[in-house]
Protein chains: 2
Amino acid sequence: MSVTAPAGFSAGTVAAGLKSQGGPDLTVVVNEGPSFSAAAVFTSNRAKAHPILWSEQAIADGQVRAIVLNSGGANCFTGPEGFALTHQSAEKLAEALGDASASDILVCSTGLIGELLPAGALITGISQAVALRDSSESSGGESARAIMTTDSKPKMAQVALTTPSGVVTLGGMAKGAGMLAPGLATMLVVITTDALLEPDQLDRALRQASEVTFNRLDSDGCMSTNDQVSLLASGASGITPGIDEFETALRALCLDLALQLHADAEGASHEIAIEVTGALSDTEAVAVGRSVARNNLFKAAIFGNDANWGRVLAAIGTADASFDVYGVDVSMNGVRVCHEGAPDRPRTEVDLTPRKTHVLIELHAGDASATVWTNDLTTDYVHENSAYSS
Amino acid sequence: MSVTAPAGFSAGTVAAGLKSQGGPDLTVVVNEGPSFSAAAVFTSNRAKAHPILWSEQAIADGQVRAIVLNSGGANCFTGPEGFALTHQSAEKLAEALGDASASDILVCSTGLIGELLPAGALITGISQAVALRDSSESSGGESARAIMTTDSKPKMAQVALTTPSGVVTLGGMAKGAGMLAPGLATMLVVITTDALLEPDQLDRALRQASEVTFNRLDSDGCMSTNDQVSLLASGASGITPGIDEFETALRALCLDLALQLHADAEGASHEIAIEVTGALSDTEAVAVGRSVARNNLFKAAIFGNDANWGRVLAAIGTADASFDVYGVDVSMNGVRVCHEGAPDRPRTEVDLTPRKTHVLIELHAGDASATVWTNDLTTDYVHENSAYSS
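Residues numbered from 1 in each chain as written. Chains lettered and ligands numbered in written order. Predicted model: local features only at pLDDT ≥ 70, side-chain atom pairs only at ≥ 80, totals over all residues.

A closer look at the overall build of chain A
Turning to step 1, where the next piece is worked out: Along its length, chain A carries 10 helices and 15 strands.
Turning to step 2, where the next piece is worked out: Taken against the 2.2 N^0.38 rule, which gives 21 Å for 390 residues, the C-alpha radius of gyration of chain A at 22 Å falls within 12% of a compact globule.
Turning to step 3, where the next piece is worked out: Seen through its principal axes, chain A has C-alpha atoms that stretch 70 × 50 × 35 Å.
Turning to step 4, where the next piece is worked out: Within chain A, the proportion of its 390 residues that are buried is 63%. (Helix = DSSP H or I, 4+ residues; strand = E, 2+ residues; numbered from the N terminus. Rg over C-alpha atoms; globule rule 2.2 N^0.38 Å. Buried ≥ 20, exposed ≤ 12 C-beta atoms within 10 Å, placed from the backbone.)

A word on the interface of chain B and chain A
Turning to step 1, where the next piece is worked out: Listed per partner, the contact involves 48 residues of chain B and 47 residues of chain A.
Turning to step 2, where the next piece is worked out: Breaking the side of chain B that touches chain A down by element, the ones donating at least two residues are helix H8 (296-303), helix H9 (309-316), strand E13 (342-343) and helix H10 (379-386) of chain B.
Turning to step 3, where the next piece is worked out: Per-class residue counts for the side of chain B that touches chain A are 24 nonpolar, 21 polar and three charged. (Contact = placed C-beta atoms within 7 Å. Nonpolar A, V, L, I, M, F, W, Y, C, P; charged D, E, K, R; others polar.)

A look at the environment of A:Thr371
Residue and element names in this part refer to chain A.
Turning to step 1, where the next piece is worked out: Within the element layout of this structure, threonine 371 appears in strand E15 (residues 368-375).
Turning to step 2, where the next piece is worked out: Placed 169 residues apart in sequence, threonine 371 and leucine 202 show a C-alpha to C-alpha distance of 24 Å.
Turning to step 3, where the next piece is worked out: Among all residues touching threonine 371, those that are not within four sequence positions of it are Arg216, Ala273, Ile274, Glu275 and Gly289.

Digging into the sheet that holds strand E11 (residues 329-332) of chain B
Residue and element names in this part refer to chain B.
Turning to step 1, where the next piece is worked out: Spatial ordering of the open sheet is given by E13-E12-E11-E14-E10-E15, a layout of six strands whose pairing is mixed. Looking at the sheet topology across the chains shown, the edges are occupied by E13 and strand E15 (368-375).
Turning to step 2, where the next piece is worked out: Taken together, the seven bridges between strand E10 (residues 271-279) and strand E14 (residues 356-362) define a ladder with parallel strand orientation. Residue pairing for E14: glutamate 275 is matched across the bridge by leucine 360. (Pairing = 2+ DSSP bridges.)

Structural notes on the packing of helix H8 (residues 296-303) of chain A against H10(B)
Turning to step 1, where the next piece is worked out: For the pair H8(A) and H10(B), interaxial distance at closest approach is 7 Å and the crossing angle is 75°. Here H8(A) is positioned roughly perpendicular relative to H10(B), judged by the angle of their axes. Contacts from A:Leu297, A:Ala300, A:Ala301 and A:Phe303 of H8(A) reach H10(B) at B:Val382, B:Asn385 and B:Ser386.
Turning to step 2, where the next piece is worked out: The residue makeup of the contact of H8(A) with H10(B), split by class, is five nonpolar, two polar and no charged. (Axes fitted to C-alpha atoms, helices over the stretch in contact; angles between N-to-C directions. Parallel < 35°, antiparallel > 145°, perpendicular 65-115°, else oblique.)

A short note on the sheet that holds strand E12 (residues 335-339) of chain A
Residues and elements named next belong to chain A.
Turning to step 1, where the next piece is worked out: An order of E13-E12-E11-E14-E10-E15 is seen for the six strands of this open sheet, with the pairing classed as mixed. With one partner strand each, in any of the chains shown, strand E13 (342-343) and E15 form the two edges of the open sheet.
Turning to step 2, where the next piece is worked out: Where helix H7 (residues 282-293) meets the sheet, it contacts strand E10 (271-279), strand E14 (356-362) and E15, and its direction lies at approximately 25° from that of E15.

Remarks on the relation of the copies chain B and chain A
Turning to step 1, where the next piece is worked out: Mapping chain B onto chain A leaves a residual RMSD of 0.0 Å; the transformation is a rotation of 180° accompanied by 0.0 Å of translation along its axis. Within this description, the copies of the chain are treated as partners about a two-fold rotation axis. Within chain B, the C-alpha atom positioned nearest to the axis of rotation is that of B:Thr379, 2.4 Å from it.
Turning to step 2, where the next piece is worked out: Residue by residue, 98% of the interface of chain B is reproduced at the interface of chain A, so both copies engage with the same surface. (Least-squares fit on C-alpha atoms with pLDDT ≥ 70 in both.)

Topic: helix H5 (residues 199-212) of chain B
A turn of α-helix holds 3.6 residues, and therefore any two residues three or four places apart point the same way.
All names here are of chain B.
Turning to step 1, where the next piece is worked out: Taking 1.5 Å per residue as the helical rise, H5 with its 14 residues ought to reach 20 Å, and the 20 Å between its terminal C-alpha atoms agrees with that figure.
Turning to step 2, where the next piece is worked out: Along H5, the residues classified as buried are Pro199, Gln201, Leu202, Ala205, Leu206, Ala209 and Ser210. One side of H5 carries all its buried residues, which in axial view fall inside an arc of 150°.
Turning to step 3, where the next piece is worked out: Among the structural elements, strand E3 (37-42), strand E9 (228-233) and helix H6 (243-263) are those in contact with the buried residues of H5. (Expected span 1.5 Å × (residues − 1). Arc of directions from axis to C-beta.)

Considering the domain arrangement of chain A
Residue and element names in this part refer to chain A.
Turning to step 1, where the next piece is worked out: Along its sequence, chain A is organised into domain 1 (9-263) and domain 2 (271-386).
Turning to step 2, where the next piece is worked out: Using only C-alpha atoms to locate each centre, domain 1 and domain 2 end up separated by 33 Å.
Turning to step 3, where the next piece is worked out: Tallying the contact residues gives nine residues for domain 1 and 13 residues for domain 2. (Domains from an automatic or database assignment.)

And the structure:
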């Protein structure tokens, strides 16, 4: 599991003293080669943290030697000093590796916005993490734990892709328990593979996979300033897989991580899959799903185990999509409660006590479909987010 | 106060047995003439309740004799039977008045979506309400109480407009404690005036006034299926005021009602005014304000009396507006906590214990400004909306 599963990757983790509660909070993931192809996608929020502004430049040439990630502070809206610290982090990591330049380094930070990280602790931690790094499975696991903020557990995944020439491995880790909104889905994700691929192949595959996985998570509609999903390819397997097969494997890995994020969303008591069928296009299907995923009244009803389908219809009526609201069917956990915009089975027949909740919205307007994943709006969500902590 | 304040209006209210908790739940407001000019604006949700579909047709000729409003059921997504009941309500009211046709009647309903109202009780209630109607102040107050759902108090307002020919009066009532989102602002509002004006004058004035009052309330981002704001003019004063003066008076009345709705939003512990200055246009100022008003993380922070300005910047970064996020200043209750996208005064200096909260966002991009009103996201909000009740 995790980022050290593919050949050619090492990871090192330390407790640098960035998190007030202590524990591992800084990790480096190093591509040991022989190839250094990479791709990354970033938050579409225009309010971008310093590490995002840095990494957008660093990824431009498609070459990445290593990535440093810290929890305990987002380094966002921290002024010129904050950007200098991001720059310095990249330089320190490059220097510690000995054979890299700062422009080959990606930087990720997560935590509170508007507070400077302690520069000395961060820089010292980077040197220590590099020195400690190895390619063991446990190092990958420690990396995944170091990037946790309000996550209750680390998120890791692994996929093996069998090719005529042998097996290619993909590994990944993710963090993100709040602000799981698209564009992309507010998270830090690092994916590694020992496949031998070009940067533009990685870039296309990563964008496609993100679009149907991370970008369809919409836990609370809030978009982060620090989202970054990176894909590093070491080429250490010596195998160039078929690109279609690689894309499929990457999508499976991303979906695995996305659903782990979904299951661990802050304060949630339901994991809600909103499946929209019969839309005119994928985009419209997603728009309809998202309108429900962002409706606080619907989300509060699910928290109350209440199959309030009227709130589903009220929500989709605001979506930018073509369909007749009086032709829509809505089912919850297999019970069709609304048929053609009118009551069908009694809502009391719906059992909403299971954590996993399925809402099916049949638009009957076309052939496209999509699933958007969200969570319920709970008193715990409000509690967790009403203290100054994230 | 209320709808009977202007000359030429009467109101009658009964407990028709539509509300499970009992109490007055059906009211009629009758324009006794001599003029019957009217205007109305409706929810922009495409999921429209039967009374909206009806009233959109009825208002087309700019003539309204009376309006019937009920709480206890939204009559939305109730199938053909539901629409027939709306039609029947208008016919019964016209018949009871004796000198009107159904096409001169507006219908408003509020309450649960997807459940049929008891037809017999509703129709009987309409006849009784018409028979009971009078133009007393208390009748106007009873009307305002009859349309309450989760409102904790009735909302009424009155404005006197002095003209060279004498005084013109405007009166109004409103209901709406949840789903206060724009387009318009999820509510039932009836405004009356004894001014002598043409339907197109009323229409223009009502749209302008709604745009800067009801449409800038965004309590929880959820848009209703039943919103309707109606303006009836009896001409009973015999006075045609200057249109600018009338528009100003109408805007004042709408603002008064809007802020009463704001103050009574479901479960709220803070009334938040988000003032955006320095935008390129009014539209962009509103878009920026709304992005904050709809950010659950920001709203939860305010509930926790936490001046988490990072969440303000993260929210506005998603708004469709032109400005430099690293040039923005943010103040909360008079303390500038962010200057040019970096920390300014310590957030601990902000006192968020008062119920009224002011967030000032200075974009420094242009000269336009707007205020959007919202509320915090509280555990009470989640509680109130997690039981099947609205």
